[in-house]
Amino acid sequence: MLPLLLASSSVYRRELLDRLRLPFTCSSPDIDESQRPGESAEALVRRLAEEKARALATRHPGHLIIGSDQVAVLGGRILGKPHGFEKAREQLLAASGTSVSFLTGLALLNSQTGHCQVDCVAFTVHMRELDEQRIERYLRAEQPYDCAGSFKAEGLGVSLFQSTEGTDATSLVGLPLIRLVDMLLAEGVEIP
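As named in an unreviewed UniProt entry, the chain is 7-methyl-GTP pyrophosphatase, taken from Pseudomonas vanderleydeniana. Recorded in UniProt for the chain, the comment headed Sequence similarities (unreviewed entry) runs: "Belongs to the Maf family. YceF subfamily." Under Catalytic activity (unreviewed entry), UniProt gives the following word-for-word description of the chain: "N(7)-methyl-GTP + H2O = N(7)-methyl-GMP + diphosphate + H(+)".

(A) Molecular detail of helix 3 (residues 85–95). Listing the buried residues of helix 3 in full gives Phe85, Ala88, Arg89, Gln91, Leu92 and Ala95. The arc that holds every buried residue of helix 3, seen down its axis, measures 165 degrees, which confines them to one face. Those residues of helix 3 that are buried lie in contact with strand 3 (64–74), strand 4 (77–79), strand 5 (99–110), strand 6 (116–127) and helix 4 (132–142). Looking one or two residues beyond helix 3, the residue adopting positive phi is glycine 97, at roughly 70 degrees.

(B) Inspection of the packing of aromatic side chains at higher detail. Counting across every chain of the model gives two aromatic pairs. With a centroid separation of 5.6 Å and 70 degrees between ring planes, the pair formed by phenylalanine 102 and phenylalanine 151 is classed as edge-to-face. Taken together, the residues phenylalanine 102 in strand 5 and phenylalanine 151 in the loop between helix 4 and strand 7 (161–166) connect sequence positions 49 residues apart. Among the aromatic residues, those joined into a ring-pair cluster are Phe102, Phe151 and Phe161. Positioned above the aromatic ring of phenylalanine 85, the side-chain terminus of arginine 140 is 4.1 Å from the ring centre.

(C) Inspection of the side chain of serine 27 at higher detail. Position of serine 27 relative to the elements: it lies in the loop between strand 2 (24–26) and helix 2 (41–55). Here serine 27 falls in the buried class, since its relative accessible area comes to 15%. A distance of 3.4 Å separates the side chain of serine 27 from the side chain of arginine 59, its partner in a polar contact. With near-sequence residues (within four places) excluded, serine 27 lies in contact with Leu5, Leu6, Ala7, Ser8, Leu56, Arg59 and His60.

(D) Representation of the environment of lysine 152 in the model. Examined against the element boundaries, lysine 152 turns out to sit in the loop between helix 4 and strand 7. Aside from chain neighbours lying at most four places away, what touches lysine 152 is Tyr12, Tyr138, Glu142, Gln143, Pro144, Asp146, Cys147, Gly157 and Val158. Polar contacts involving the side chain of lysine 152 include one to the side chain of tyrosine 12, which spans 3.4 Å.

(E) Inspection of the pattern of salt bridges at higher detail. What the rule picks out here adds up to 13 salt bridges. The partner of arginine 54 in a salt bridge is glutamate 50, with the nearest N and O atoms 2.8 Å apart. With arginine 54 and glutamate 50 both in helix 2 and four residues apart, this pair spans about one turn of that helix. Given a relative accessible area of 40%, arginine 54 falls into the partly exposed group. The partly exposed category is assigned to glutamate 50, whose relative accessible area is 25%. Between lysine 52 and aspartate 69 there is a salt bridge whose closest N-O contact spans 2.8 Å.

(F) Highlighting the pairing of strand 5. Extensive coverage of strand 5 is indicated by the burial of ten of its twelve residues. Two elements, strand 3 and strand 5, share ten bridges in a ladder whose sense is antiparallel. In the sheet register, isoleucine 65 faces strand 5, and the bridge partner there is leucine 109. Relative to strand 6, strand 5 is paired through eleven bridges, and the arrangement is antiparallel. Paired with threonine 104 across the bridge in strand 6 is valine 121. Connecting strand 5 to the antiparallel partner strand 6 that follows it, the hairpin turn spans five residues, and glycine 114 within it adopts a positive phi of roughly 85 degrees.

(G) Expanded view of the UniProt feature "active site" (unreviewed entry) in the chain. UniProt tags Asp69 as "active site" (unreviewed entry). Mapped onto the elements, aspartate 69 comes out in strand 3. Other than its neighbours up to four places away in sequence, aspartate 69 contacts Arg13, Glu33, Val45, Leu48, Ala49, Lys52, Leu103, Thr104 and Gly105. Reaching out from aspartate 69, the side chain makes a polar contact with the side chain of lysine 52 at a distance of 2.8 Å.

About the cut-offs
Residues numbered from 1 in each chain as written. Predicted model: local features only at pLDDT ≥ 70, side-chain atom pairs only at ≥ 80, totals over all residues. Heavy atoms only, no water. UniProt positions renumbered as here; feature names shortened; annotations may be inferred. Buried < 20%, exposed > 50% of the residue type's maximum accessible area, 1.4 Å probe, protein only. Helix = DSSP H or I, 4+ residues; strand = E, 2+ residues; numbered from the N terminus. Arc of directions from axis to C-beta. Contact = heavy atoms within 4.5 Å. Phe/Tyr/Trp six-rings, centres within 6.5 Å; stacked < 30°, edge-to-face > 60°. Lys NZ or Arg CZ within 6 Å of the ring centre and 35° of its normal. Polar contact = N/O pair within 3.5 Å; in protein donor to acceptor, adjacent residues only side chain to side chain. Salt bridge = Lys/Arg side-chain N within 4 Å of Asp/Glu carboxyl O. Pairing = 2+ DSSP bridges.

Here it is, written out as structure tokens:
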């Protein structure tokens, strides 16, 4: 098996990849993550996932490189990471009683052959009705300021959900493991 490299510094993605019990290393790609004019949310995450993987290919020849990128979409607009209390509060107020779609781009690049598999996995969260007090209590308790959508689905953030909809709950955290396993199997990786 070629060595596995996760093109990310995300602790959440690293924890998810650990579930597959495969040895891997991590390296953070340095790319511009700006959305291009007219680029859809799906096209954005697919492009960024592939760019992250390709950005490390020269430094890591002979590797299987995993790139991933995620956006949250509410009412047709992309929600960025809030980076602070006020922006997170605004995002959760806007999401109250509605649905937020999470699109996770995934790429697996074989840097030896140049073959790259790219996909986008969608997952929807239907939010409960949230008042300002509940939002404030949640934000003070969990401080999800580095998370798209302003909540941690793997933590207390699940208490904000009415229901979820999708084929792979790990995509909500940022690395769709079911689709990744498909890609790894196609590259000859034996799991488990």
